[in-house]
Amino acid sequence: MCYRPLSRARLVLAGLLFACLAGILPAAGADADPWGDFPSMGFTDLTVADGLPNDTISAVAQDKAGLIWIGTFAGLARYDGYRLHQWDSDPDDPDRLPEIYVRSLLPLSDGGMLIGTGAAGLVRYDAATNHFQRISAQDGPGARIYAMTAARDGADDAAWIVADDGLFLWRAADNVLRPVPLRDVAGQPLNPKLFAVLEEPNGDLWVGGMGGLLRRRAGEAHFTPIKATGPAADTVNTEIWVIHRDREGRLWLGSGDAGVAYLMPDGTAHAVAGLTGPDGLAGRRTIRSMVEVPGKGLWIATDGAGLIILDPMTGRLRQVRHDPVLAGSLNGDRLRHAMLDRTGNVWLSTDQGVERYDPHANRLRVVPATPLSPMALSNPEVYTAHTDTRSRVWLGLANGDVDVLDLAAGRIDRLRLPPPNNGRDVRALVPLPDGRLLAAARGVAAIDPVTMTITPSTVPCLEGQIINVMIAKGQEIIAGSFDGLSRFNIGTGECRRFRHDAADPKSLPNDNVRSLTMLGDGRLVVGTAGGLAVTDGQGGFRNHRPDAGDPNSLSHAYVTGIAEDRHGRLWLSTAGGGLVVTDVEDLGGKPRFRSIRRRNGLPHDNIGGLGIDEKGRVWFTTPSRVGMLDPQSGRFTLLGERDGANLKFYVIRDIAKGPGGQILLGGLGGLTILDPDDDTAPPPAAVLRVTGMEINHRELPPALLPETGRRLSLDAAQRNLTLAFSLLDYRAPGDLRYRHRLDGFDQGWLDSGTRAPGASYTNLPAGDYTLRVEASQAGQDAPLATLSLPISIAPHWYETLWARLGMGVLTILAVFGIVQARTGALHRQRSRLEAEIADRTRDLVAANARLDMLASTDPLTGLLNRRRFMELAAAEQLRAGRHQRPLSLLLIDLDHFKRVNDQHGHRMGDAVLRTAAAILSGAIRGSDLAGRFGGEELVLLLPETDLAGAAGMAERLRQAFAATTTSLDGKDVRVTASLGVAAWRGAGESLDALLHRADQALYAAKHAGRDKVMVAAGVQPD
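About the criteria used
Residues numbered from 1 in each chain as written. Predicted model: local features only at pLDDT ≥ 70, side-chain atom pairs only at ≥ 80, totals over all residues. Heavy atoms only, no water. Helix = DSSP H or I, 4+ residues; strand = E, 2+ residues; numbered from the N terminus. Buried < 20%, exposed > 50% of the residue type's maximum accessible area, 1.4 Å probe, protein only. Contact = heavy atoms within 4.5 Å. Areas by Shrake-Rupley, 256 points an atom, 1.4 Å probe, with all protein chains shown as cover. Lys, Arg positive; Asp, Glu negative; His and termini not counted. Charge placed at Lys NZ, Arg CZ, Asp CG, Glu CD. Core = buried A, V, L, I, M, F, W, Y, C linked by side-chain atoms within 4.5 Å. Pairing = 2+ DSSP bridges. Axes fitted to C-alpha atoms, helices over the stretch in contact; angles between N-to-C directions. Phe/Tyr/Trp six-rings, centres within 6.5 Å; stacked < 30°, edge-to-face > 60°. Lys NZ or Arg CZ within 6 Å of the ring centre and 35° of its normal. Disulfide = S-S within 2.5 Å. Parallel < 35°, antiparallel > 145°, perpendicular 65-115°, else oblique. Left-handed = near helix turned anticlockwise from the far one by under 90°. Nonpolar A, V, L, I, M, F, W, Y, C, P; charged D, E, K, R; others polar. Expected span 1.5 Å × (residues − 1). Arc of directions from axis to C-beta.

Draft legend 1. Summary view of the overall build of the protein chain. Secondary structure summary: the protein chain contains nine helices and 72 strands in total. Overall size of the protein chain, expressed as C-alpha extent along the three principal axes, is 130 × 105 × 50 Å. Burial analysis of the protein chain (1022 residues in total) assigns 51% to the buried set. Across the protein chain, the fraction of contacts at a sequence separation of at least 24, relative to all contacts at a separation of at least 6, is 55%. Here the protein chain displays about 44,300 Å² of accessible surface, and carbon together with sulfur accounts for 51% of that area. Once the 111 positive and 118 negative side-chain charges of the protein chain are each reduced to a mean point, those two points are 3 Å apart.

Draft legend 2. Broad picture of the nonpolar core. Leu-167 and Val-207 are the most contacted members of the largest nonpolar core, which totals 34 residues. Every residue in contact with Val-207, bar those within four places of it in the chain, is listed here: Val-162, Leu-167, Leu-182, Leu-194, Ala-196, Val-197, Gly-212, Leu-213, Leu-214, Phe-223 and Ile-243.

Draft legend 3. Molecular detail of the sheet that holds strand E44 (residues 531-535). One open sheet accounts for four strands, arranged E42-E43-E44-E45; its pairing is antiparallel. A single partner strand is all that each edge strand has here, and the edge strands are strand E42 (513-518) and strand E45 (541-544). If you compare each strand with its neighbour and ignore which way they point, the axes differ by 20 degrees on average. Direction of pairing for E44 relative to E45: antiparallel, over a ladder of four bridges. Note that in E45 the partner of Thr-535 across the bridge is Phe-541.

Draft legend 4. Up close: the sheet that holds strand E58 (residues 698-699). A sheet is described by the order of its strands in space; here four strands give the open sequence E58-E57-E60-E63, paired in antiparallel fashion. Since the sheet does not close on itself, it has two edges, and those belong to E58 and strand E63 (758-761), each with one partner. Bridging between strand E57 (residues 688-695) and E58 involves two bridges; their strand directions are antiparallel. Looking at E58, one finds that Glu-694 is bridged to Glu-699.

Draft legend 5. Just the packing of aromatic side chains, in detail. What the rule picks out here adds up to 21 aromatic pairs. Measuring from centroid to centroid gives 5.7 Å for Trp-797 and Tyr-798, while their planes differ by 85 degrees, and the two rings are edge-to-face. The exposure class of Trp-797 is exposed, given its relative accessible area of 64%. Of the aromatic side chains, those joined through ring pairs into one cluster are Trp-69, Trp-87, Tyr-125 and Phe-132. Above the face of the Trp-749 ring, Arg-739 is positioned so that its terminal group lies 4.1 Å from the ring centre.

Draft legend 6. Expanded view of the state of the cysteines. Following the criterion strictly, the structure yields one disulfide and no others. Shown here is the disulfide that connects Cys-461 with Cys-495, its sulfur atoms set 2.1 Å apart. Measuring handedness by torsion sign, the sulfur bridge of Cys-461 and Cys-495 sits at about 80 degrees and is right-handed. Separated by 34 residues along the polypeptide, Cys-461 in the loop between strand E37 (454-455) and strand E38 (467-473) and Cys-495 in strand E41 (residues 495-498) bring together distant segments of the chain. Overall, Cys-461 belongs to the partly exposed group, its relative accessible area being 22%.

Draft legend 7. Highlighting the packing of helix H7 (residues 906-923) against helix H8 (residues 947-963). Direction vectors running N to C along H7 and H8 enclose 140 degrees, while the axes themselves pass 10 Å from each other. Between H7 and H8, the crossing angle belongs to the class labelled oblique. Read as a crossing pair, H7 and H8 show a hand that is right-handed. Contacts between H7 and H8 involve Ala-916, Ile-919, Leu-920 and Ala-923 on the former and, on the latter, Met-953, Leu-957, Ala-960 and Phe-961. Among the residues forming the contact of H7 with H8, the class breakdown is eight nonpolar, no polar and no charged.

Draft legend 8. Up close: H7. The terminal C-alpha atoms of H7 lie 26 Å apart, and with 18 residues this matches the ideal 26 Å at 1.5 Å per residue to within 8%. Restricting attention to buried positions, one finds in H7 the residues Met-908, Gly-909, Ala-911, Val-912, Leu-913, Ala-916, Ala-917, Ile-919 and Leu-920.

Draft legend 9. Local environment of the pairing of E57. Along E57, seven of the eight residues are buried, which leaves the element largely enclosed by surrounding structure. Strand direction decides the pairing type here: E57 and strand E60 (residues 721-727), joined by seven bridges, are antiparallel. Across the sheet, the residue bridging to Val-690 is Phe-725, located in E60. Between the antiparallel neighbours E57 and E58 lie two residues, among them Asn-696 with a positive phi of about 50 degrees.

Draft legend 10. Fine view of the environment of Arg-336. Mapped onto the elements, Arg-336 comes out in strand E26 (residues 335-340). In this structure, the C-alpha to C-alpha distance between Arg-336 and Val-687, residues 351 residues apart in sequence, is 28 Å. Contacts of Arg-336, omitting those with residues within four sequence positions, involve Thr-56, Ile-57, Ser-58, Phe-73, Arg-288, Ser-289, Ser-349 and Asp-351.

Draft legend 11. View of H8. If you check H8, its first and last C-alpha atoms are 24 Å apart, about what 17 residues at 1.5 Å a residue would give, namely 24 Å. Within H8, the full set of buried residues consists of Ala-950, Met-953, Ala-954, Leu-957, Arg-958 and Phe-961. Projected down its long axis, H8 shows its buried positions confined to an angular sector of 140 degrees, all on one face. Of the exposed residues in H8, the ones pointing more than 90 degrees away from its buried face are Ala-948, Arg-956 and Ala-963. Contacts from the buried residues of H8 go to strand E66 (887-894), H7, strand E68 (937-943), strand E71 (977-983) and strand E72 (1013-1015).

As structure tokens, this is what we get:
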């Protein structure tokens, strides 16, 4: 961090503030977040299972392009959010990493990386050649390098290096490593074993190690040991592992076994209560790294005590440790490095992989259930929430449990309903006018919120019933169960029961009551599993059910939620018919129910429940998401992982608000705290970048990858192009959707995939194109980022305009000369003239046919190329639609094809592709279309073939692939294939949609273990 000189006023303020931290004064101010430490911190891990060379991580860095580099105990990796590229050591190859133990990383301005190893000294990665170079120097570090930092040494890259044997300066200009003498003012040598280094903007240099903290002022040659007295002495005067300057000018020091302390700009050392000394949260564990997270405090990585977060404004400390019960917990307590990337993510190096935390994914936060934390719930299944007048949050849980979150006291009180109300889910918590809280589970119990005493069987007529929903209006309690509806008057003790009676049209439509609401005019609306009921004022109900003959009837009988908005509209959620809205005033007659379903933009037709907030927005839950509909604009918002969503299932009955105004949602996994407006500052903008490229199957080094907007120029022989791209914010990459289009070649947008987004083109014609890529969040309309890459492919000489014009002129002149010569010839020469003209005409036809073949077929396999296949397939689709004939499509992917290239070389890979094409060509009819779709992916269009016939063809092809061996240079390779099959649904489905469904089936075949045939669903969606 940059050091800023502080004014006297700021210095006094900072001193008072950190007197609070040291325990001299009470901490001033309250935490702005009333939830404090209740929500858990969700981490996303990256481990060996994802492709890392080792789970013990020593360093993380972000290079110039935005990619993440990960140093491990067994190699180096580079990550773009989807793909991991590994490097390991090879002592026989001077261009490879010389040693697998990577201890530290420092990005360079040319896109390369400076690498400190555990035993091989300093290594430089050259992004222009993709090679590693070991930097050796006389008296250079021969053992491990502990840390590096950028040096302010002119315009070129330079770095300070600290190692087992001293301090060194590296300059990129000459690529030389120079030792820096470590001596005091008397010329006496100081302890050379260093762990940390920091250079100030004014040129002052700090180093820390076994000899404590040392300072060299700008312009001086000697170092001055820093000695402290008072509570911070044990920390400052011991071995120093971390030196960090914060935004307020404080110099933070992390020690080997005495916690953390800090120095103020005036040189005074200060302790932090609970953090300084061996009795602090870190104990005697080494402090390995520090990073400031905007709005989240100072994050301190320890070697065994987990992560410690200090809020400098309040002095509050939070320790985050591994919890084996909790999904998304910190993977391990041994942290070696912490890094803040350019889009705000925090990366942590642990012994169990890399952890990433997104501070901006806090629109949805979760209070989980784990027995290892007193700030967690007693049960992970949350069904209802209620906030009382004391700002306590009451939660109805599974198995008769009720948890009370006292946010002011920072604790959770745990209650359990006694018999006979125990053992069932608490699905309603209803306050009464006398202050008691009713808990509905198996029957109804009453809780005294002051004494926490529980009175069972409060409503006798509901005893033994399993309550699904309950509300209270004045002295009346209304409860819905699997056995109908009950209305109980607390004052009189009167209880009325309502059930379904097939002979009575005014009875409930079904006994399974799922939702209730009382309208403003006093009418009760009941949602059941068999329809909607509204009280008619005469002791009965007016029922509404689906009617296939009435388009204005209820879209689905199973009503899961009901809410009335401020405009006099009644909103319903259903278990298959989406959202439904009608006017309240029409409920007494024949209302017009208007449904909002998937075809209208709703993300799912199965809606679990809904609630309406103060702004009139409709919040709803799908099987795995939380969504919002703005009735004014008609726009949907679907919250995902980038917002913090991580539960399997969400529960919403109505809008329950927390003390801070957030919406409280139940779910299978804990309590979710939803910020309905999300007025926090957005994260820094991320870049959508090309992160990998192959031209004619040859990988480009990173420094040669094209930048957004800059033209990529290819020569006439470079016709095959494969690109990988990624949105480099690393925020829930699985929640992103990519699509691409090559203007001038593709007819429309193409799905780029979600696991490794990219694009592949084979045998592109010469010309000018523009590759456009969009990255969007699932459930959102506007793209998060776009990429535009102009591409030019030079023509062969015979494809140039001048060459073609010249050939035309020569042909015309030749024909004209021949005609003139033969016109005056004798009659006996006429036959020879006609023969020569015919020969030349045949040559021209053959040449044109050859050119057409080159433009329409894949040169490797002889199959149609992608462009020609799409043209012919579109014509077949029109023919099938015109004659109402079946049409099917197969997508074929050769399993583990990359492994063939890696193990046997690209020549064997090309041979395997030719073998696969031969199998395909030998199995199809003359009317079928076979093409190479890209890379190892083949495509087959089957006119006049239904789904069953296509599936049969696919199975025969699968068996043929599995039984065929490719031989080359004495080596035999057998490659299986995964096949996705889809049948055209008719004129309503585009060719791209048919390809997309076949691709989904292909993905399912590969996910099922490969060497499989999977068939896409053939039913037209509603």
